[in-house]
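The chain contents come next:
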Amino acid sequence: MVLTPSLQEFIQDHLVDRQHTDSLKWDALAERFGDPSLLPLWVADMEFKTPLAVRQALIQQVEHGVFGYSLVPDQYINTFIAWQQKRHQVTLQADWLRFDQGVVNSLYAMVNWLTKLNDQVLIMTPVYYPFINSIKDNHRQVVSVDLIAGDNGWQIDFDRFEAVLSQGQIKLFILCSPHNPVGRIWTATELEQILALCHRYHVPVVADEIHQDFEIGSQKFTSVLTIANGRYQNEVVVLNAPSKTFNLASLLNSHVIIPNPEWRQQYDTFIKTIHQTENSLLGQIAGQAAYEFGGPWLDQLLQVIRYNYQTLTNTLADHCPEIQVSTLEGTYLSYLNLAPLIAADHIQDFVQRQCGLAVDYGRWFSPRTPTYIRLNLATDPAIVATAAEHLATQLALLR
């Protein structure tokens, strides 16, 4: 794969230097990693400007000059529903939709709403660490069914999954789909097996589908809302947002999708006890423009991510073929296992001191993946090429 002239133009038009802009990813390196000179590939946001139509819509509102309390515009809901239908064949109804200020915020709310103190909440690790934090911080018990890394990529241990559910103590299952950090897009067959087991043991499912628009390989994303022609819709809550797709995280606008009418009523009653905030006007203006006009921008961005993934995998394969790079089906985050060449207790020193990189460490996602690192590929191809070369060169010295 090569960077075509159109992709080069996309990068030139959208790439931004974020240093000294109060960027967490770039300007918190000294605080978080103890070294401001590291090359950052950690936080899951991008170095690319959001689509032009989004910026223009925001400028128009800024020039209007008022940022008071606002209604959710019908056009926002309509464009979001249309996006879901067109991109993922998900049919939504407007009254299913609720809003929040971020998916992590909603994870905490879901744990509070659907479980009680000391209840057991099930996850599949390695997983995005706020899943774990949302359970622990709310004084619930984390129960994990560990994913299995095999020759065919990361797989679900369904025997263990059912064994845990059958004990009758699990009160909630939180699903990451696509899965961060391992990069899997679960197949419809896998999702149906998950939902059928949760149905059998009366366990509600919260699905974080925030990475749904990042289809990097040939596997297409399937929402839990579509499984078995919607058979399990009344037993799931879906969380997503335009923030990952269009680089809008700080605009604090996300979705809580609840098809079950009784659950919606219960949620509406519950959420008033912990959230008394208004919707994000600028977040919804940005989201509406993104869903309406951002498709071509996203398609080019996906090509850049595919190119970056190929750069990473090819560089490591050429210099250190024993290093295992998880197949990237979804998300823009690559999970690498350095175990063949370096021990777990040397990973951080190696990555930071020898390679000069700031990454997310595998131990953050699970104590069972301490030799892994996660790299953010939604960035300048030159940054990925440099990071890959640093890793490959230093790893080769250990052989």
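A brief look at the structure comes next.

Procedures and definitions
- Residues numbered from 1 in each chain as written.
- Predicted model: local features only at pLDDT ≥ 70, side-chain atom pairs only at ≥ 80, totals over all residues.
- Heavy atoms only, no water.
- Core = buried A, V, L, I, M, F, W, Y, C linked by side-chain atoms within 4.5 Å.
- Buried < 20%, exposed > 50% of the residue type's maximum accessible area, 1.4 Å probe, protein only.
- Helix = DSSP H or I, 4+ residues; strand = E, 2+ residues; numbered from the N terminus.
- Contact = heavy atoms within 4.5 Å.
- Salt bridge = Lys/Arg side-chain N within 4 Å of Asp/Glu carboxyl O.
- Pairing = 2+ DSSP bridges.
- Right-handed = clockwise from strand over helix to strand, strands pointing away.
- Axes fitted to C-alpha atoms, helices over the stretch in contact; angles between N-to-C directions.
- Parallel < 35°, antiparallel > 145°, perpendicular 65-115°, else oblique.
- Nonpolar A, V, L, I, M, F, W, Y, C, P; charged D, E, K, R; others polar.

Looking at the nonpolar core
Item 1. By size, the foremost hydrophobic cluster in this structure holds 108 residues, and its most contacted members are Phe161, Phe173, Leu175, Ile194, Ile373 and Leu391.
Item 2. When residues in this core are grouped by element, the largest group, nine residues, is from helix H13 (residues 295–319).
Item 3. When residues no more than four places from it in sequence are discounted, the contact partners of Ile194 are Met124, Ile156, Phe158, Phe161, Phe173 and Leu175.
Item 4. Core analysis: the next-biggest nonpolar cluster, separate from the first, contains 27 residues, Met110, Ala241, Val256 and Phe270 among them.

Brief notes about the pattern of salt bridges
Item 1. A full pass over the atoms with the stated rule returns 13 salt bridges.
Item 2. Among the ionic pairs, Lys25 bridges to Glu47, the shortest N-O distance being 2.8 Å. Placement of Lys25 in helix H2 (residues 24–27) and of Glu47 in the loop between strand E1 (39–40) and helix H4 (52–64) is noted, with a sequence separation of 22 residues between them.
Item 3. For Lys25, a relative accessible area of 1% puts it in the buried group.
Item 4. Accessibility expressed as a relative area gives 2% for Glu47, which makes it buried.

Looking at the sheet that holds strand E15 (residues 372–376)
The strands making up a sheet are joined through hydrogen bonds of the backbone, oriented either antiparallel or parallel.
Item 1. If you trace the four strands from one edge of the open sheet to the other, you get E11-E12-E15-E14, paired in antiparallel fashion. At either end of the open sheet lies a strand with only one pairing partner, and these are strand E11 (324–325) and strand E14 (360–361).
Item 2. Here two bridges tie E14 to E15, and the two strands are oriented antiparallel to one another. When the sheet's bridge partners are listed, Tyr361 is paired in E15 with Ile373.

Some details on the pairing of strand E4 (residues 141–144)
Item 1. Strand direction decides the pairing type here: strand E3 (residues 120–123) and E4, joined by four bridges, are parallel. In the sheet register, Gln120 faces E4, and the bridge partner there is Gln141.
Item 2. The parallel pair E3 and E4 is bridged by helix H7 (residues 129–136), and the resulting crossover is right-handed.

Description of unusual backbone geometry
Item 1. Following Thr125, the chain continues into Pro126 via a peptide bond in cis, with omega recorded as 5°.
Item 2. Examined against the element boundaries, Pro126 turns out to sit in the loop between E3 and H7.
Item 3. Of note in this structure, His202 is not a glycine but carries a positive phi near 60°.
Item 4. For His202, the position within the fold is in the loop between helix H9 (188–200) and strand E8 (205–208).
Item 5. Of note in the backbone geometry, Leu252 takes a positive phi value of approximately 55° without being a glycine.
Item 6. For Leu252, the location among the structural elements is in the loop between helix H10 (243–246) and strand E10 (254–257).

Quick word on the packing of helix H6 (residues 103–114) against helix H11 (residues 261–271)
Item 1. The geometry of H6 relative to H11 is characterised by a closest axis approach of 11 Å and an angle of 105° between their N-to-C directions. The angle between H6 and H11 places the two elements in the roughly perpendicular class. Of H11, the residues touching H6 (which contributes Ala109, Met110, Asn112 and Trp113) are Trp263, Gln266, Tyr267, Phe270 and Ile271.
Item 2. Of the residues contributing to the contact of H6 with H11, the split by class is seven nonpolar, two polar and no charged.

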